[in-house]
Amino acid sequence: MGILKSPNILIQKLRLTSLKSNLLLINIQSLADETDTSAICQELCTLIYSLALPDTDIPTVSNFAQLKQQILIVKKQLQKRHLALILHNCKPHSPLLTCCRKIADAKLGLHILWITDEPLEEPLRSFPPSQDNLLGAMQSWIEEMI
(Lines give C-alpha, C1' and ligand atoms only; values in the text may rest on other atoms or scores of the structure.)
Protein backbone atom coordinates (compact mmCIF):
# COMPACT_ATOMS: atom_id res chain seq x y z
CA MET A 1 0.00 0.00 0.00
CA GLY A 2 2.70 2.45 -1.02
CA ILE A 3 0.63 5.62 -1.21
CA LEU A 4 -1.03 4.84 2.12
CA LYS A 5 2.28 4.79 3.99
CA SER A 6 2.10 8.60 4.08
CA PRO A 7 -1.58 9.23 4.79
CA ASN A 8 -1.10 12.88 5.75
CA ILE A 9 0.66 13.66 2.47
CA LEU A 10 -2.06 11.80 0.57
CA ILE A 11 -4.83 13.77 2.25
CA GLN A 12 -3.01 17.07 1.70
CA LYS A 13 -2.70 16.33 -2.01
CA LEU A 14 -6.33 15.24 -2.27
CA ARG A 15 -7.63 18.26 -0.34
CA LEU A 16 -6.07 20.55 -2.90
CA THR A 17 -8.54 19.07 -5.38
CA SER A 18 -11.62 20.42 -3.67
CA LEU A 19 -12.39 23.07 -1.13
CA LYS A 20 -16.02 21.91 -0.98
CA SER A 21 -15.28 18.55 0.58
CA ASN A 22 -13.52 17.20 3.60
CA LEU A 23 -11.63 13.92 3.34
CA LEU A 24 -11.00 11.50 6.16
CA LEU A 25 -8.50 8.71 5.53
CA ILE A 26 -9.60 6.08 8.03
CA ASN A 27 -7.58 3.01 8.95
CA ILE A 28 -10.33 0.54 9.81
CA GLN A 29 -8.09 -2.40 10.69
CA SER A 30 -9.84 -2.53 14.08
CA LEU A 31 -13.01 -3.65 12.27
CA ALA A 32 -11.39 -6.52 10.34
CA ASP A 33 -13.24 -9.29 12.20
CA GLU A 34 -16.07 -7.32 13.78
CA THR A 35 -19.57 -8.59 13.06
CA ASP A 36 -21.59 -6.83 15.75
CA THR A 37 -23.53 -3.95 14.17
CA SER A 38 -23.48 -1.82 17.31
CA ALA A 39 -19.71 -2.23 17.70
CA ILE A 40 -19.12 -1.37 14.01
CA CYS A 41 -21.24 1.78 14.30
CA GLN A 42 -19.48 2.91 17.47
CA GLU A 43 -15.98 2.22 16.16
CA LEU A 44 -16.67 4.14 12.93
CA CYS A 45 -18.08 7.03 14.95
CA THR A 46 -15.01 7.00 17.20
CA LEU A 47 -12.61 6.96 14.25
CA ILE A 48 -14.47 9.73 12.41
CA TYR A 49 -14.66 12.01 15.44
CA SER A 50 -11.04 11.39 16.43
CA LEU A 51 -9.90 12.45 12.94
CA ALA A 52 -12.38 15.21 12.12
CA LEU A 53 -13.06 16.76 15.53
CA PRO A 54 -10.31 15.55 17.87
CA ASP A 55 -11.19 18.00 20.65
CA THR A 56 -14.85 16.99 20.73
CA ASP A 57 -16.39 14.35 22.98
CA ILE A 58 -17.18 11.21 21.02
CA PRO A 59 -20.90 10.43 21.10
CA THR A 60 -22.29 6.98 21.75
CA VAL A 61 -24.11 5.34 18.85
CA SER A 62 -25.59 1.88 18.55
CA ASN A 63 -27.16 1.73 15.09
CA PHE A 64 -26.84 2.96 11.51
CA ALA A 65 -29.31 5.83 11.91
CA GLN A 66 -27.48 7.25 14.92
CA LEU A 67 -24.12 6.91 13.17
CA LYS A 68 -25.41 8.68 10.07
CA GLN A 69 -26.83 11.46 12.23
CA GLN A 70 -23.47 11.93 13.95
CA ILE A 71 -21.62 11.97 10.62
CA LEU A 72 -23.96 14.71 9.40
CA ILE A 73 -23.17 16.67 12.57
CA VAL A 74 -19.45 16.31 11.84
CA LYS A 75 -20.00 17.47 8.26
CA LYS A 76 -21.94 20.50 9.49
CA GLN A 77 -19.25 21.41 12.05
CA LEU A 78 -16.58 21.13 9.36
CA GLN A 79 -18.72 23.45 7.22
CA LYS A 80 -18.31 21.38 4.06
CA ARG A 81 -20.91 20.35 1.51
CA HIS A 82 -19.34 16.89 1.20
CA LEU A 83 -17.65 14.48 3.56
CA ALA A 84 -15.66 11.64 2.02
CA LEU A 85 -14.59 8.68 4.09
CA ILE A 86 -11.63 6.88 2.54
CA LEU A 87 -11.40 3.49 4.22
CA HIS A 88 -8.31 1.29 4.13
CA ASN A 89 -6.45 -1.52 5.83
CA CYS A 90 -9.44 -3.88 6.11
CA LYS A 91 -11.08 -6.22 3.64
CA PRO A 92 -14.77 -5.54 3.07
CA HIS A 93 -17.00 -8.02 4.86
CA SER A 94 -20.77 -8.26 4.99
CA PRO A 95 -21.61 -6.46 8.29
CA LEU A 96 -19.17 -3.64 7.57
CA LEU A 97 -20.38 -3.30 3.98
CA THR A 98 -23.98 -3.13 5.18
CA CYS A 99 -23.08 -0.31 7.55
CA CYS A 100 -21.22 1.61 4.85
CA ARG A 101 -24.09 1.24 2.39
CA LYS A 102 -26.55 2.56 4.96
CA ILE A 103 -24.52 5.66 5.82
CA ALA A 104 -23.32 6.58 2.31
CA ASP A 105 -25.73 9.10 0.82
CA ALA A 106 -24.70 11.30 -2.09
CA LYS A 107 -27.78 13.51 -1.64
CA LEU A 108 -26.60 14.31 1.89
CA GLY A 109 -22.97 14.71 0.81
CA LEU A 110 -21.72 11.52 2.50
CA HIS A 111 -19.38 9.49 0.29
CA ILE A 112 -17.36 6.34 0.94
CA LEU A 113 -14.33 5.14 -0.97
CA TRP A 114 -12.69 1.88 -0.03
CA ILE A 115 -9.11 1.10 -0.96
CA THR A 116 -9.42 -2.61 -1.61
CA ASP A 117 -8.94 -5.17 -4.35
CA GLU A 118 -12.61 -6.14 -4.11
CA PRO A 119 -15.02 -4.36 -6.46
CA LEU A 120 -17.89 -2.65 -4.65
CA GLU A 121 -21.33 -1.59 -5.81
CA GLU A 122 -22.88 1.87 -5.50
CA PRO A 123 -23.20 3.84 -3.32
CA LEU A 124 -19.68 2.70 -2.38
CA ARG A 125 -16.61 3.09 -4.54
CA SER A 126 -13.39 1.11 -4.49
CA PHE A 127 -9.90 1.35 -5.90
CA PRO A 128 -7.23 -1.33 -5.57
CA PRO A 129 -4.20 -0.24 -3.53
CA SER A 130 -1.90 -1.32 -6.37
CA GLN A 131 -3.76 0.76 -8.99
CA ASP A 132 -1.56 2.83 -11.25
CA ASN A 133 -1.95 6.49 -10.33
CA LEU A 134 -4.12 5.78 -7.30
CA LEU A 135 -3.90 9.43 -6.28
CA GLY A 136 -5.17 10.55 -9.71
CA ALA A 137 -8.04 8.04 -9.59
CA MET A 138 -9.03 9.27 -6.15
CA GLN A 139 -8.87 12.90 -7.30
CA SER A 140 -11.19 12.05 -10.21
CA TRP A 141 -13.61 10.42 -7.77
CA ILE A 142 -13.60 13.55 -5.61
CA GLU A 143 -14.30 15.73 -8.64
CA GLU A 144 -17.21 13.45 -9.62
CA MET A 145 -18.85 13.69 -6.22
CA ILE A 146 -18.93 17.48 -6.00
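The model shown is predicted, which means the values in this text are computed figures rather than measured ones. (Residues numbered from 1 in each chain as written. Predicted model: local features only at pLDDT ≥ 70, side-chain atom pairs only at ≥ 80, totals over all residues. Heavy atoms only, no water.)

A few words on the packing of helix H2 (residues 37-52) against helix H3 (residues 64-78). At a minimum axis separation of 9 Å, H2 and H3 run at an interaxial angle of 10 degrees. With respect to each other, H2 and H3 are oriented roughly parallel. Within the contact between the two elements, H2 uses Thr 37, Cys 41, Leu 44, Cys 45, Ile 48, Tyr 49 and Ala 52 and H3 uses Phe 64, Leu 67, Gln 70, Ile 71, Ile 73, Val 74 and Leu 78. Its residues assigned to classes, the contact of H2 with H3 comprises 12 nonpolar, two polar and no charged. (Axes fitted to C-alpha atoms, helices over the stretch in contact; angles between N-to-C directions. Helix = DSSP H or I, 4+ residues; strand = E, 2+ residues; numbered from the N terminus. Parallel < 35°, antiparallel > 145°, perpendicular 65-115°, else oblique. Contact = heavy atoms within 4.5 Å. Nonpolar A, V, L, I, M, F, W, Y, C, P; charged D, E, K, R; others polar.)

What follows covers the pattern of salt bridges. Pairing between side chains of opposite charge can happen when their charged atoms approach one another. Under the criterion given, the structure shown has two salt bridges. We note a salt bridge from Asp 105 to Lys 68, for which the minimum N-O separation is 3.1 Å. A residue pair is termed long-range when its members are at least 10 positions apart, and Asp 105 in the loop between helix H4 (94-103) and strand E3 (110-115) and Lys 68 in helix H3 qualify at 37 residues. Judged by relative accessible area, which is 18%, Lys 68 ranks as buried. A salt bridge links Arg 125 to Glu 144, with the shortest nitrogen-to-oxygen separation between them at 3.2 Å. Within this pair, whereas Arg 125 is found in strand E4 (residues 124-127), its partner Glu 144 is found in helix H5 (residues 134-145), the two being separated by 19 residues in sequence. Here Glu 144 falls in the exposed class, since its relative accessible area comes to 54%. (Salt bridge = Lys/Arg side-chain N within 4 Å of Asp/Glu carboxyl O. Buried < 20%, exposed > 50% of the residue type's maximum accessible area, 1.4 Å probe, protein only.)

Following Glu 122, the chain continues to Pro 123 via a peptide bond in cis, the omega torsion being 10 degrees. With respect to the element layout, Pro 123 can be found in the loop between E3 and E4. The backbone of Asn 89 sits at a positive phi, close to 75 degrees, despite the residue not being glycine. Within the secondary structure, Asn 89 sits in the loop between strand E2 (82-88) and H4. The phi angle at Asn 133 is positive, at roughly 50 degrees, despite the residue not being glycine. Inspection of the secondary structure puts Asn 133 in the loop between E4 and H5.

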